[in-house]
Amino acid sequence: MAKSHVSMTVNGKAAEGLVEPRTLLIHFLREQLNLTGPHIGCDTSHCGACTVDLDGKSVKSCTMFAVQANGADIRTIEGMAAADGTLHVLQDAFREMHGLQCGFCTPGMIMRAYRLLEENRNPSEEEIRFGISGNLCRCTGYQNIVKAIQYAAAKMNGVPFKEAAE
Amino acid sequence: MIPGSFAYHRPTSVNDAIRLLADFGEEARPLAGGHSLIPMMKLRLATPEHLVDLAGIADLKGIRTEGGDIVIGAMVTQHEIVGSDLLAAKIPILREASLLVADPQVRYVGTLGGNVANGDPGNDMPAVMMCLGAGYGVVGSSGERTIPAREFYQGAYLTALKPSEILTNIRIPVPAAGHGFAYEKLKRKIGDYATAAAAVVVTMSGGTVATCSIGLTNVADTPLWAEEAARIVTGSTLDAATVKRAVAAAEAITSPASDGRGPAHYRTKMAGVMLARALASAKARAH
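Just so you know, these numbers come straight off a predicted model, no measurement behind them.

J.: Even after reading the chapter, I still don't get the overall build of chain A, so can you show me in this structure?
T.: Counting its regular elements, chain A contains five helices and five strands. In sequence order, the secondary structure elements of chain A are arranged as β-β-α-β-β-β-α-α-α-α. Taken against the 2.2 N^0.38 rule, which gives 15 Å for 166 residues, the C-alpha radius of gyration of chain A at 16 Å falls within 12% of a compact globule. Here the C-alpha coordinates of chain A stretch approximately 60 × 30 × 25 Å along the principal axes.

Below, the structure written as structure tokens:
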């Protein structure tokens, strides 16, 4: 099958490549752009480990062809920290609040949390849980992930983080 | 999992899309949000040789008012439905149902047109559209037509849509101001299809039901319009005895499969439970 040329902006930089139409976006990111932060978990659009930010939406890159993303503006976990290595507030929050154990779901979880906070600067606990319901974590039981997102929201809003009473 | 090979087409007009579908016939499939089709292709349960991506067609986007109807473009996403102030004000059952479809990431990409056109009995929007009396605008090489949602579904993945036709919009008559509504869905977890679900729209007049329409999701090969159950509650105060008779009438038209969501008789009973809850909720919201 003839290959198609695709170009897109990934983490602020122009990226391009030749792909078969059947090449999934996750494979293009991981294998051609060497961005292995987005993970292949379930490969069936359930787990959210492959979540990236695409034109202001959280999408599962295992369920989109690279040709569909032609011209898109994409951000992956690799594009979150500053050039000098300073962590994004969400990355820092996941570290501070122990929002991960094995870490496999974390890139997708952070990219989803990023879009959630872009759309809702001050989400309630319930809104956070609903907002990350497309991302599965098999280690943490979600408690500290929710806490990390609350912590990041507080930092972004410049207010002190108050842990909810147990 | 990697799908089979195909050629990718991205037309910018409905006419170009129809021409491509007509030229390639059975080997071509239209691609909307892709969140049903791409997983099927990854499992090689679908192996189209040509994919006609509808994402580049501006005419398939947007939500607009036309007379007493609201017309929603086929490529409008579930996320856009959730965020629409117009729909929240005029047809709030759409937001309630959309929020129960899949998960946030899927709602950003999954479209209303794809949800209703695919013919998957597990999809939530078809029963909602039957409940609302929606019409599907369809365009093919022989012209345009409108197919009522209540006549669209013929079996699992079998619809009145012809292979070279595209569903371009969904036209919904705006329910009366002050109507009550509810979409009640039982599911095992977020992202799952319904074990059973019920859509209800009612108008009330002095404490009695003036009009009622009921749709049921995933308890038969097709979504169901529960006409008899709605007739039973019309004119009543939704008293317990009437609701019980309506639930029995709705259960009688179900024929669910036994699967991981439970045995058939359980799913039939859950359709009744969802209907009773939706009727109560719709009544409480009507004014």
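That covers the picture; the talk isn't over yet.
J.: What exactly am I supposed to notice about the domain arrangement of chain A here?
T.: How big an interface is tends to be reported as the loss of accessible area on association of its parts. All names here are of chain A. Segmentation of chain A into domains returns domain 1 (4–79) and domain 2 (89–157). The distance between the C-alpha centroids of domain 1 and domain 2 comes to 21 Å. Taken residue by residue, the interface counts 15 residues in domain 1 and 12 residues in domain 2. No other element matches the three residues that strand β3 (residues 51–54) contributes to the side of domain 1 that touches domain 2.

J.: When you look at helix α10 (residues 240–252) of chain B in this model, what are you seeing that I'm missing?
T.: For an α-helix the count is 3.6 residues per turn, leaving residues at separations of three or four pointing the same way. All names here are of chain B. With 13 residues, α10 extends 18 Å between its outermost C-alpha atoms, agreeing within 8% with the 18 Å of an ideal straight helix rising 1.5 Å per residue. By the burial criterion, the buried members of α10 are Val 243, Ala 246, Val 247, Ala 249, Ala 250 and Glu 251. Where α10 is buried, its residues touch β13 (208–217), α9 (227–233) and α11 (264–285).

J.: Help me understand the environment of Asn 144 of chain A, please; the structure alone is not making it clear to me.
T.: Residues and elements named next belong to chain A. Inspection of the secondary structure puts Asn 144 in helix α5 (residues 143–157). When the 20 C-beta atoms within 10 Å are taken as the criterion, Asn 144 is described as buried. C-alpha separation for the pair Asn 144 and Gly 99, spaced 45 residues apart in sequence, amounts to 4.6 Å. When residues no more than four places from it in sequence are discounted, the contact partners of Asn 144 are Met 97, His 98 and Gly 99.

J.: Just checking my understanding: could you explain the nonpolar core for this structure?
T.: When a protein is soluble and globular, its nonpolar side chains tend to lie buried together. Ranked by internal contacts, the top residues of the largest apolar core, which has 143 residues, are Val 128, Ala 199, Val 200, Ile 214 and Leu 275 of chain B. Not counting residues up to four positions away in its chain, the partners in contact with Val 128 of chain B are Ile 93, Leu 94, Ala 97, Tyr 183, Ala 199 and Gly 215 of chain B.

J.: Quick question: what am I supposed to make of α11 of chain B here?
T.: Residues and elements named next belong to chain B. Between its terminal C-alpha atoms α11 stretches 31 Å, which fits the 32 Å expected from 22 residues at 1.5 Å a residue. For α11, every residue scored as buried is listed here: Arg 267, Thr 268, Met 270, Ala 271, Gly 272, Met 274, Leu 275, Ala 276, Ala 278, Leu 279, Ala 282 and Lys 283. Those residues of α11 that are buried lie in contact with β11 (180–186), β12 (196–205), β13, α9 and α10.

J.: Explain the pairing of β11 of chain B here, please?
T.: In summary, the side chains of a regular strand alternate between the two faces of the sheet. All names here are of chain B. Along β11, seven of the seven residues are buried, which leaves the element largely enclosed by surrounding structure. Here β11 shows two buried faces, one formed by Gly 180, Ala 182, Glu 184 and Leu 186 and the other by Phe 181, Tyr 183 and Lys 185. Pairing between β11 and β12: seven bridges, direction antiparallel. In the strand pairing of β12, Leu 186 is matched with Ala 196.

J.: Can you help me understand the sheet that holds strand β1 (residues 4–10) of chain A in this one?
T.: Sheets are built from strands paired through backbone hydrogen bonds, the pairs being either parallel or antiparallel. All names here are of chain A. Taking strand neighbours across the sheet as the criterion, the five strands line up as β2-β1-β5-β3-β4 in an open arrangement whose pairing is mixed. Where the open sheet ends on each side, the last strands, each with one partner, are β2 (13–19) and β4 (57–60). Looking at each pair of strands side by side, their axes are set apart by 40 degrees on average, direction ignored. Note that β1 and strand β5 (residues 73–75) share two bridges and pair parallel. Bridging from a neighbouring strand, Thr 9 pairs with Asp 73 of β5. Contacts between helix α3 (residues 106–119) and the sheet are confined to β3 and β4, with β3 contributing the most and set at about 35 degrees to the helix.

J.: Explanation requested: the domain arrangement of chain B in the structure shown.
T.: When the domains of chain B are assigned, the result is domain 1 (7–53), domain 2 (63–173) and domain 3 (181–285). On a C-alpha basis, the centroid separation for the pair domain 1 of chain B and domain 3 of chain B is 35 Å.

J.: Just to check I follow, could you spell out the interface of chain A and chain B for this structure?
T.: Facing 22 residues of chain A, the contacting portion of chain B comprises 22 residues. Considering every element that reaches the side of chain A that touches chain B, the biggest residue donor is β4 of chain A, with four residues. Here the residues of the side of chain A that touches chain B sort into five nonpolar, 12 polar and five charged.

J.: Please explain the sheet that holds strand β5 (residues 69–73) of chain B as it appears in this structure.
T.: Residue and element names in this part refer to chain B. Spatial strand order, β4-β5-β10-β6-β7: five strands in an open sheet with antiparallel pairing. Edge positions in the open sheet fall to β4 (63–66) and β7 (143–148), since each of these has one partner strand only. Looking at each pair of strands side by side, their axes are set apart by 25 degrees on average, direction ignored. Inspection of the sheet shows strand β6 (residues 135–140) paired to strand β10 (residues 166–173) by five bridges, in the antiparallel sense. From the neighbouring strand, Val 139 faces β10, where its bridge partner is Ile 166.

J.: Just to check I follow, could you spell out the packing of α10 of chain B against α11 of chain B for this structure?
T.: Each packed pair of helices is defined by two parameters, the angle between the axes and the distance between the axes. All names here are of chain B. α11 packs onto α10 with a crossing angle of 140 degrees between their chain directions and a minimal axis gap of 9 Å. By the angle class used here, α10 and α11 are oblique. Handedness of the α10/α11 crossing: right-handed. Residues Val 243, Val 247, Ala 250 and Glu 251 of α10 lie in contact with α11, whose contacting residues are Thr 268, Ala 271, Gly 272, Leu 275, Ala 276 and Leu 279. Residue composition of the contact of α10 with α11, by class: seven nonpolar, two polar and one charged.

J.: Even after reading the chapter, I still don't get unusual backbone geometry, so can you show me in this structure?
T.: In most cases, non-glycine residues show a negative phi, while peptide bonds are predominantly trans. In this structure, Asn 11 of chain A takes a positive phi of about 55 degrees despite not being glycine. For Asn 11 of chain A, the position within the fold is in the loop between β1 and β2. Using a count of 18 C-beta atoms within 10 Å as the deciding quantity, one classes Asn 11 of chain A as partly exposed. Its identity as a non-glycine residue notwithstanding, Leu 238 of chain B has a phi of 60 degrees, on the positive side.

Calculation notes
- Residues numbered from 1 in each chain as written.
- Chains lettered and ligands numbered in written order.
- Predicted model: local features only at pLDDT ≥ 70, side-chain atom pairs only at ≥ 80, totals over all residues.
- Helix = DSSP H or I, 4+ residues; strand = E, 2+ residues; numbered from the N terminus.
- Rg over C-alpha atoms; globule rule 2.2 N^0.38 Å.
- Domains from an automatic or database assignment.
- Contact = placed C-beta atoms within 7 Å.
- Expected span 1.5 Å × (residues − 1).
- Buried ≥ 20, exposed ≤ 12 C-beta atoms within 10 Å, placed from the backbone.
- Core = buried A, V, L, I, M, F, W, Y, C linked by C-beta atoms within 7 Å.
- Pairing = 2+ DSSP bridges.
- Axes fitted to C-alpha atoms, helices over the stretch in contact; angles between N-to-C directions.
- Nonpolar A, V, L, I, M, F, W, Y, C, P; charged D, E, K, R; others polar.
- Parallel < 35°, antiparallel > 145°, perpendicular 65-115°, else oblique.
- Left-handed = near helix turned anticlockwise from the far one by under 90°.

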